[in-house]
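# Architecture and fold: a report
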Amino acid sequence: MDTGCCGEGPVRVSELLRLLVDVVRSDRAAPVVWFKEGSQRNLKSRDFLMPKGALNKIFHGEEVPEDLLNKLTSLKVSGVLPIQRCLQNEAGLLVQLDRPAVFQSVLTDFSLYMKPVPSDNGENSVVLNCAPLHSCEGLNALKLSHLRAVLVADHLAELLRLAGAQVHLVPKLRNTELQLFLHQLGVSWPFEPEALCVQEEITAFKKYLKERDHVNSHDLEQPLNVTDDDLKQVAELQRAVQESRVEGTHCALLHVVSYEKEFHQQKLDRLFTMLDSGDSAPDQKHLICGPVKVLSSSPAVSCSEYYHLRKTQMLDASVMKYGDLLQGDSLEEIICSLTAAAIKFEMMATAQRSQVTLDLEDSSITTKGTKSGAFVMYNCARLATMFDSYNMAVSQGFYPEFPPARELNYSTLKEEGEWLLLFNYIMTFPEVLSQSAQILLTSSGSRVTASTDAVCKFLVNLSMDFSSYYNRVHILGEPLPHLYGQMFARLQLMKAVQSLLHAALGTLHLSPLTKI
């Protein structure tokens, strides 16, 4: 099957949308609006739509000219999805892609879709300061709101790295107990048990502040209320910024802050700028994480108690569902993996600025549901089990070896759920990654937002649509030669879905579950 019109690189939905707008906009004053379809019901008949209302404003209720329809249908540009048909009906102007050609182009090398869209707009270097960790001397001092900020910072650091930024994490962890706890959750944060010696810098800072006209030696605490801990934080940040400047890159300083420390971090921001000894102070932005509220919790629940409660509940829920299938030496590893996923999705599937509400009752935990990290992990295990079954069948001579991806017959992929998985998830993942890491570090104002909930929501929606498809379609069919073509095409699609799940979980530093 020829795929020349798609080019050698990944095909971009956003690029085709841009071209569709440009083609219709030519010599027309009215705004042009195209929408990518997402629902399975609408994808039965179309992939893109210009709604009737927008169409009437452009063509004043008249028929779309035939030459424009032909022009849209004949779009053939490298990197752009091939169009099969373009027509006008009661819904508006619709476009449907040449789906077998798109399946062929994408699934022949789906590795191109496991990374963000290349961009030259990001910062070269980012010092990512997780503010709550400065005041956490040990695990007992880590509040649930602090934990949320840590998880957001850890995920954001990985997204920025994937986008091409050099990321420096501050502060380094000093407490072994805290480091081990975060490690259980898959948090990849630098650890250095030796205390950072910054006394020389603190002394110099105090001297400088005393010499300023508006800060005298007798009122050092006013108006900034400066403490040694504040000056220590500034010294750590200065060192990190200096290290990033050595690399010859432009540096931005991003503070991830829990909501209760927002005003204190603003003070430190001003203090850093005042004491910065570099040629120019780096851009400083604050990413504020909303509060964490626990329903019916008295006294307050610690992070350690929260973890162990969720672990016990996850064990009980898993044993209830799978019984004797969960046993042996791997049981602890599986439950720890499910617990980490459950906690991360609970803390991070809500928009970063909004409040997270935790229900700690047994009834709130399930291996299914729209907010369950465990549901995502179990679907990873289902795929792994399916491929194990296939490989075992091949070794026993039940199925033939898997042919090269470029030789598969993708025209056999006709199920609505198959196109949904490709069009809504595999092809859109690069842009989900790029948008999640897109922070306007050079914008005006100190506050910024980030779509740190996007990957969790993406994974849950993907898992729900995959599960629906997997429950409905028999992928490993009878060992009959006339059925192999469809089976291999479906297995290649499942390979792409599996890689997608693994890549997305990797941004959360979660290892996919490989068995139940």
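Here, the structure is the one placed above.
Presented here is an overview of the structure given in this document. All values reported here derive from a predicted model rather than from experimental measurement. (Residues numbered from 1 in each chain as written. Predicted model: local features only at pLDDT ≥ 70, side-chain atom pairs only at ≥ 80, totals over all residues. Heavy atoms only, no water.)

Turning to the sheet that holds strand β7 (residues 251–258), a few remarks are in order. Here we have five strands laid out as an open sheet, ordered β6-β5-β7-β8-β11, and parallel in their pairing. The open sheet has two edge strands, β6 (166–170) and β11 (447–448), and neither has a second partner. Strand contacts of helix α9 (residues 262–275): β5 (125–130), β7, β8 (283–289) and β11, with the helix running at about 170° to β8, the strand carrying the most contacts. (Pairing = 2+ DSSP bridges. Helix = DSSP H or I, 4+ residues; strand = E, 2+ residues; numbered from the N terminus. Contact = heavy atoms within 4.5 Å. Axes fitted to C-alpha atoms, helices over the stretch in contact; angles between N-to-C directions.)

Backbone torsion omega between V170 and P171 reads -5°, so that peptide bond is classified as cis. Of note in the backbone geometry, H60 takes a positive phi value of approximately 55° without being a glycine. Of note, H60 is situated in the loop between α2 (52–59) and α3 (66–73). Positive phi, normally seen in glycine, also occurs at H509, with a value near 55°. For H509, the location among the structural elements is in the segment after α16 (481–507).

Here we take up the environment of V11. Inspection of the secondary structure puts V11 in the segment before α1 (13–25). Residue classification places V11 among the buried positions, given a relative accessible area of 0%. (Buried < 20%, exposed > 50% of the residue type's maximum accessible area, 1.4 Å probe, protein only.)

This part covers the pattern of salt bridges. The final tally for this structure, using the stated rule, is 19 salt bridges. The partner of E262 in a salt bridge is R447, and the shortest N-O contact between them spans 2.5 Å. Of this pair, E262 sits in helix α9 while R447 sits in strand β11, and the two are 185 residues apart along the sequence. Across the pair K457 and D453 runs a salt bridge whose closest N-O atoms are separated by 2.7 Å. Relative accessible area serves as the criterion here: at 39%, K457 is assigned to the partly exposed category. Since its relative accessible area comes to 9%, D453 is described here as buried. One continuous salt-bridge network, built from bridges that share partners, spans E15, R18, D22 and R25. (Salt bridge = Lys/Arg side-chain N within 4 Å of Asp/Glu carboxyl O.)

Centre distance and the angle of the planes are the two values used to describe a pair of aromatic rings. All chains considered together, the criterion is met by 13 aromatic pairs. Ring centres 5.5 Å apart and planes at 75° place the aromatic pair F103 and W419 in the edge-to-face group. With F103 in helix α4 (residues 99–108) and W419 in helix α13 (residues 416–426), this pair connects stretches of sequence that are 316 residues apart. A relative accessible area of 1% means that F103 is categorised as buried. (Phe/Tyr/Trp six-rings, centres within 6.5 Å; stacked < 30°, edge-to-face > 60°.)

Within the open sheet, the four strands sit side by side as β1-β2-β4-β3. Their pairing is antiparallel. Two strands close off the open sheet at either side, each with one partner strand: β1 (35–36) and β3 (83–89). As judged from the six bridges shared by β3 and strand β4 (residues 92–97), these two strands associate in the antiparallel manner. Pairing of C86 across the sheet is with V95, part of β4. Across the sheet, α2 is in contact with β2 (48–51), β3 and β4; its angle to β2 comes to roughly 60°.

Attention now moves to the side chain of D154. Considering the arrangement of structural elements, one finds D154 in helix α5 (residues 144–162). Among the polar contacts listed, one links the side chain of D154 to the backbone nitrogen of S188, at a separation of 3.0 Å. Here H509 takes part through its side chain, which lies 2.7 Å from a polar atom of the side chain of D154. Every residue in contact with D154, bar those within four places of it in the chain, is listed here: G186, V187, S188, W189, K344 and H509. (Polar contact = N/O pair within 3.5 Å; in protein donor to acceptor, adjacent residues only side chain to side chain.)

With that out of the way, let us pick up the nonpolar core. One finds W34, L147, M347, L422, I426, M427 and M494 to be the most contacted residues of the largest nonpolar core, which totals 149 residues. Here this core takes 13 residues from α16, the largest share from any one element. Membership of the second largest hydrophobic core comes to 21 residues, among which are F205, L209, V226 and V234. (Core = buried A, V, L, I, M, F, W, Y, C linked by side-chain atoms within 4.5 Å.)

Another aspect to go through is the packing of helix α11 (residues 331–348) against helix α12 (residues 373–395). Running from N to C, α11 and α12 point in directions that differ by 135°, and their axes come no closer than 7 Å. Judged by the angle between their axes, α11 and α12 are oblique. In this structure, α11 contributes S337, L338, A341, A342 and F345 to the contact, and α12 contributes G373, A374, V376, M377 and Y378. The residue makeup of the contact of α11 with α12, split by class, is eight nonpolar, two polar and no charged. (Parallel < 35°, antiparallel > 145°, perpendicular 65-115°, else oblique. Nonpolar A, V, L, I, M, F, W, Y, C, P; charged D, E, K, R; others polar.)

Relative placement of two packed helices is described by the angle separating their axes and the distance separating the axes. With their axes 10 Å apart at the nearest point, helix α15 (residues 454–472) and α16 run at an angle of 155° to one another. What the angle tells us is that α15 and α16 run roughly antiparallel. For the element pair α15 and α16, the recorded crossing hand is left-handed. Every residue of α16 that contacts α15 at V455, F458, L459, L462, S463, F466 and Y469 is listed here: R490, M494, V497, L500, L501, A504, L505 and T507. Of the residues assigned to the contact of α15 with α16, the class counts are 12 nonpolar, two polar and one charged. (Left-handed = near helix turned anticlockwise from the far one by under 90°.)

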